[in-house]
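Structural overview
For reference, the chains in residue letters:
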Amino acid sequence: MRDVLTIGGKELTNRLFLGTGKFPAKSIIPKVIKNSETQVVTVAIRRVDLNGEQENILNYIDKDCILMPNTSGARTAEEAVRIAHIARAAGCGNWIKIEVINDNKYLLPDNYETIKATEILAKEDFVVLPYVSPDLMVAKALVNAGAAAVMPLGAPIGSNRGLKTKELIRILIDEIDLPIIVDAGIGKPSQAAEAMEMGADAVLVNTAIATADDPIKMAAAFNFAVKAGRLAYLAGPGAEKIHGEASSPLTGFLR
Amino acid sequence: MTFYEKILELEHFDLKKSWNSITDKIVQKAIHKYTLNTLDFLALLSPAAEKYIEEMAQIAHKLTLQNFGKVIFLYTPMYLSNYCVNSCAYCGFNAKNKILRRTLTLEEVEVESKIIAETGLRHILILTGESRAHANLDYLLACVNILKKYFTSISIEVYPMDKKEYQQLIKAGVDGITIYQETYNRSRYDQVHLAGPKKDYRYRLEAPERAGEAGMRSINIGALLGLADWRFDAYYTGLHAKYLQDKYPGAEISISLPRLRPHVGSFQPVNMASDKDLVQTMLALRLFLPRVGITISTRERAEFRDNLVRLGVTKMSAGSCTEVGGHSQNHSSAGQFKISDERSVTQVKEAILNKGYQPVLKDWQYI
């Protein structure tokens, strides 16, 4: 059976999403995309310069990829909606990753404003992928608001600290009937694999690939890790045992 | 509590004595903390921390990569007017200096914009001296209307204004403000600002707060290193940035590290910060405030700027000229100070790429 992730009517066979903001040169992005085999690439609309041939990041993204513009820089739902409209007018398609951040110290998302923006944009037929702090009630509200997926953070953006919010994400995976894409905080391929093993539908990585000494090689490493993690999830790992099996069982007398 | 009130409190604190009491052990502990407090920051600026500069650099490099990636944002200044009613001992635009003065006409602003936009730059910083008679709010608003056609981010470095004026500028399309306190040392401030409205220390100090209240998206502050004890000003700049970051979390706070440059009037700095001092300041700021932007202008020479790329800088000016109309006309007015890095935008971009970083010419979009 083909293992396919469907979002907004698009069928994806690769579950690694790529961020583009931190690369040492735009010119390496095509190779990174190739090696990561990613099918979904996010771009901050604030960075897109349609008037600059060399400077226009969109020229470096494979046309077969799904473009997922993001609303980086939005401080309120209203600003996120305006940026989404700019994205659509710029011909960036109808996917939108909502980022509403009004905290420049930790770059933590404003869940409340994110829900509001999701509701507005879903009604306008955008495929909305909101970036949030993992919270079950928020995720439920996003389902009702018409989100196409939920993107909880594993740790603050750029922190490379891994799945610090693991238990909260696990609850979203169990309870929410939408794709759960772990976004932000994943610093190593092993952490991406960990997210996938636990049942995340996809992961989004930027910093860990872009700031590696060899981003192209690291893109390949993440691709393998995401695939391995997914395969392990599908294979159904054996039950984890916290304690070893005792050689002198306490309930042995019941036999 | 405004930052001014905070300064009045801090003035009771003997910084020199504190710096001399910092030991190696205190510095080492501060360097490796995950979240640094103001005392840790103080330790990193101390003489004892000088020998730990490489260790600090390694961490600063890592933190900058995590928070900003391998990118350097570029912008260029456009001087609109060099008329000024202030007499600042260190500035080429000093009202007492007999220099060629002018204000760009709106047509000239358009010509300058076209020429700058052709370099690919999308972020512009517009500057004036302090003379409302020659460059008032209406003039600035008219300029912004023209600039909007060519640039996606417009910052102002002009005289301090009221909250309402900042609101009008934001509405017109301005998203950033740069305003340097020059020195946080109140008595030194009074000494070097000989005459004019700029003598009002508090009105200038609280300008970033008024901009923050008005909803300005980015706020850039700084001290002119060399005017007073650089350690003192570096420390206060960091505290000021932290204060603004805490109070206006929605704003992107950044710090410039300008050093005094030669200019007409030949003011001698009292305490020139060396290259090493500047680097120590930058590293201490990065460790203390990992998310704050750090700007280095063309006041610094090309080779030094290129070496700073990996140490925590996030933003640089390129293709700069401090003369009014300097991007499109030759020497039609006097410059504010002499620039050291005279490379073109293309050359600066290449140098950044050669260091393994991406020059970013557009990082905001008027919404």
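Residues numbered from 1 in each chain as written. Chains lettered and ligands numbered in written order. Predicted model: local features only at pLDDT ≥ 70, side-chain atom pairs only at ≥ 80, totals over all residues. Heavy atoms only, no water.

Quick look at the overall build of chain B
Heads up, the rule is: Helix and strand definitions here come from DSSP, where helices need a minimum of 4 consecutive H or I residues and strands a minimum of 2 consecutive E residues; each element is numbered from the N-terminal end. Radius of gyration: C-alpha atoms only; globule rule: 2.2 Å multiplied by the number of residues to the exponent 0.38. Think of it in three bands: residues with accessible area under 20% of the maximum for their type are buried, residues over 50% are exposed, and the middle band is partly exposed, with areas taken using a 1.4 Å probe on protein chains only. Should any heavy atoms of two residues lie within 4.5 Å, those residues are considered in contact. The Shrake-Rupley method, run with a 1.4 Å probe sphere, supplies the accessible areas, and residue values consider only the shown protein chains as cover. Charged residues are defined narrowly, with Lys and Arg counted positive, Asp and Glu counted negative, and His plus the chain ends left uncounted. By convention, the point assigned to a charge is CZ for Arg, NZ for Lys, CD for Glu and CG for Asp.
A count of helical and extended segments in chain B gives 15 helices and 11 strands. Against the compact-globule benchmark of 21 Å for 367 residues, chain B has a radius of gyration of 19 Å, which places it among compact chains. Here the C-alpha coordinates of chain B stretch approximately 60 × 45 × 40 Å along the principal axes. For chain B, with 367 residues in total, the buried portion stands at 66%. The contacts in chain B between residues at least 6 apart in sequence include a share of 76% that link residues at least 24 apart. Of the accessible surface of chain B, which amounts to about 13,900 Å², a share of 52% is contributed by carbon and sulfur atoms. Here chain B contributes 47 positively and 40 negatively charged side chains, and the mean placements of these two sets differ by 2 Å.

Some details on the overall build of chain A
Along the backbone of chain A there are eight helices and 10 strands. For 255 residues, the compact-globule formula gives about 18 Å, and the C-alpha radius of gyration of chain A, at 19 Å, lands near that figure. Considering only residue pairs separated by 6 or more positions, chain A has 64% of its internal contacts joining residues 24 or more positions apart. When the accessible surface of chain A is totalled, it reaches about 11,700 Å², and 52% of it is carbon and sulfur. For chain A, the separation between the mean place of its 28 positive charges and that of its 30 negative charges on side chains is 4 Å.

Focus on the packing of helix 5 (residues 53-68) of chain B against helix 13 (residues 275-288) of chain B
Residues and elements named next belong to chain B. How we decide: Only C-alpha atoms enter the line fits that serve as axes; for helices the fit covers just the stretch in contact. Angles between N-to-C directions range over 0 to 180 degrees. Angles below 35 degrees are treated as roughly parallel, those above 145 as roughly antiparallel, those between 65 and 115 as roughly perpendicular, and all remaining angles as oblique. In a left-handed crossing the near helix is turned counterclockwise from the far helix by less than a right angle, and in a right-handed crossing that turn is clockwise. The nonpolar class holds Ala, Val, Leu, Ile, Met, Phe, Trp, Tyr, Cys and Pro. Asp, Glu, Lys and Arg form the charged class, and all remaining residues, Gly among them, are polar.
Viewed as axis vectors pointing N to C, helix 5 and helix 13 meet at an angle of 50°, and their least axial separation amounts to 9 Å. Taken together, the axes of helix 5 and helix 13 are oblique relative to one another. Here the hand of the crossing between helix 5 and helix 13 comes out left-handed. Contacts between helix 5 and helix 13 involve Ile-53, Met-56, Ala-57, Ile-59, Ala-60, Leu-63, Thr-64 and Phe-68 from the former and Lys-276, Val-279, Gln-280, Leu-283, Ala-284, Arg-286 and Leu-287 from the latter. Partitioning the contact of helix 5 with helix 13 into residue classes produces 11 nonpolar, two polar and two charged.

Considering the interface of chain B and chain A
The condition that has to hold: Note on definitions: buried area is the accessible-area loss of two parts on being combined, 1.4 Å probe, summed for both. A side-chain nitrogen of Lys or Arg and a carboxyl oxygen of Asp or Glu constitute a salt bridge if their distance falls within 4 Å. A 3.5 Å cut-off defines polar contacts: any pair of N or O atoms within that distance qualifies, except that in protein one atom must be a possible hydrogen donor and the other a possible acceptor, and neighbouring residues in sequence count only when both atoms are side-chain atoms.
Facing 36 residues of chain B, the contacting portion of chain A comprises 35 residues. Across the chain B to chain A interface the summed buried area is about 2,900 Å²; carbon plus sulfur atoms make up 43%. The tally of links from chain B across to chain A stands at six salt bridges. Residue Arg122(B) is joined to Asp49(A) by a salt bridge in which the shortest nitrogen-to-oxygen separation is 3.0 Å. At the boundary of chain B and chain A, one finds 22 residue pairs in polar contact (both at pLDDT 80 or more).

With respect to the side chain of Arg231(B)
Residue placement: Arg231(B) occurs in helix 12 (residues 230-247). Residues within four places of Arg231(B) in sequence aside, it is in contact with Trp19(B), Leu45(B), Ser46(B), Pro47(B), Glu50(B) and Gln280(B).

Considerations on unusual backbone geometry
All names here are of chain A. The phi torsion at Asp-125 lies on the positive side, around 65°, for a residue other than glycine. Examined against the element boundaries, Asp-125 turns out to sit in the loop between helix 3 (111-123) and strand 7 (127-132). Of the residues examined, Asp-125 reaches a relative accessible area of 59% and is grouped as exposed. Look at Ala-184: it is not a glycine, yet its phi comes out positive at around 85°. Within the secondary structure, Ala-184 sits in the loop between strand 9 (181-183) and helix 6 (189-197).

Some points on the pairing of strand 5 (residues 66-70) of chain A
Residues and elements named next belong to chain A. To keep it simple, the criterion reads: Strand pairing is defined by DSSP finding a minimum of two bridges between the two strands.
Taken across its five residues, strand 5 has five buried, putting it largely inside the fold. Side chains Ile-66, Met-68 and Asn-70 of strand 5 all project onto a buried face; the interleaved residues Leu-67 and Pro-69 project onto the opposite face, where all are buried too. Two strands pair when backbone bridges link them, and strand 4 (residues 40-44) and strand 5 are joined in this way by five bridges, in the parallel orientation. Among the inter-strand pairings, Val-43 is bridged to a residue of strand 5, identified as Pro-69.

Focus on the confidence of the model for chain B
Do not read the fine detail of predicted coordinates wherever pLDDT is low. Heads up, the rule is: For every residue, the predictor reports its confidence as pLDDT, a number between 0 and 100.
Per-residue confidence for chain B averages 91 on the pLDDT scale, and 96% of its residues sit at or above 70. Our summary of model confidence lists the complex with pTM equal to 0.91 and ipTM equal to 0.85.

Section: the packing of aromatic side chains
Put simply, the rule reads: Stacked, edge-to-face and tilted labels apply to pairs of Phe, Tyr and Trp rings (six-membered ring for Trp) whose centres lie within 6.5 Å, assigned for plane angles under 30 degrees, over 60, and everything in between, in that order. Two limits define a charge over a ring: the Lys NZ or Arg CZ must be within 6 Å of the ring centre, and within 35 degrees of the ring normal.
Taken as a whole and assessed by the stated rule, the structure comprises 12 aromatic pairs over all chains. An angle of 80° between the planes, with centres 6.2 Å apart, marks the rings of Trp19(B) and Tyr235(B) as edge-to-face. Here the residue Trp19(B) occupies a position in helix 2 (residues 15-21), and Tyr235(B) occupies one in helix 12, the gap between them amounting to 216 residues. Grouping residues by exposure puts Trp19(B) and Tyr235(B) together as buried. With a centroid separation of 4.4 Å and an interplanar angle of 20°, the aromatic rings of Phe232(B) and Tyr236(B) are classed as stacked. Linking Phe232(B) with Tyr236(B), this pair stays in helix 12, spanning four residues, or about one helical turn. Neither Phe232(B) nor Tyr236(B) differs from the other in exposure class; each is buried. Pairwise contacts between aromatic rings join Phe3(B), Trp19(B), Phe41(B), Tyr184(B), Phe232(B), Tyr235(B), Tyr236(B), Tyr243(B) and Phe288(B) into one cluster. Here Arg88(A) stacks its cationic end above the ring of Phe126(A), 3.8 Å away from the centre of that ring. The ring centre of Tyr203(B) lies 3.8 Å from the NZ or CZ of Arg210(B), which sits over that ring.

Considering a nonpolar patch on the surface
All names here are of chain A. Selection criterion: Here the term patch refers to residues with relative accessible area over 30% and no salt bridge, with like charges joined within 9 Å and nonpolar side chains (Val, Leu, Ile, Met, Phe, Trp, Tyr) within 5 Å.
Residues Leu-231, Tyr-233 and Leu-234 make up a contiguous nonpolar surface patch of roughly 300 Å² in combined accessible area. Relative to the helices and strands, Leu-234 is located in helix 8 (residues 215-235). The partly exposed category is assigned to Leu-234, whose relative accessible area is 45%.

Focus: the pattern of salt bridges
Under the counting rule described, the total for this entry stands at 34 salt bridges over all chains. The shortest N-O distance in the salt bridge between Asp363(B) and Arg46(A) comes to 3.2 Å. Highlighted residues: Asp363(B) in the segment after strand 11 (358-360) and Arg46(A) in the loop between strand 4 and strand 5, drawn from two different chains. As far as the burial class goes, Asp363(B) and Arg46(A) line up, both buried. Glu182(B) is the partner of Lys198(B) in a salt bridge, and the nearest nitrogen-oxygen pair spans 2.7 Å. Of this pair, Lys198(B) sits in the loop between strand 6 (193-195) and helix 10 (201-205) while Glu182(B) sits in strand 5 (residues 174-182), placing them 16 residues apart in sequence. When salt bridges that share partners are traced, they join Arg46(A), Arg47(A), Glu252(B) and Asp363(B) into one network.

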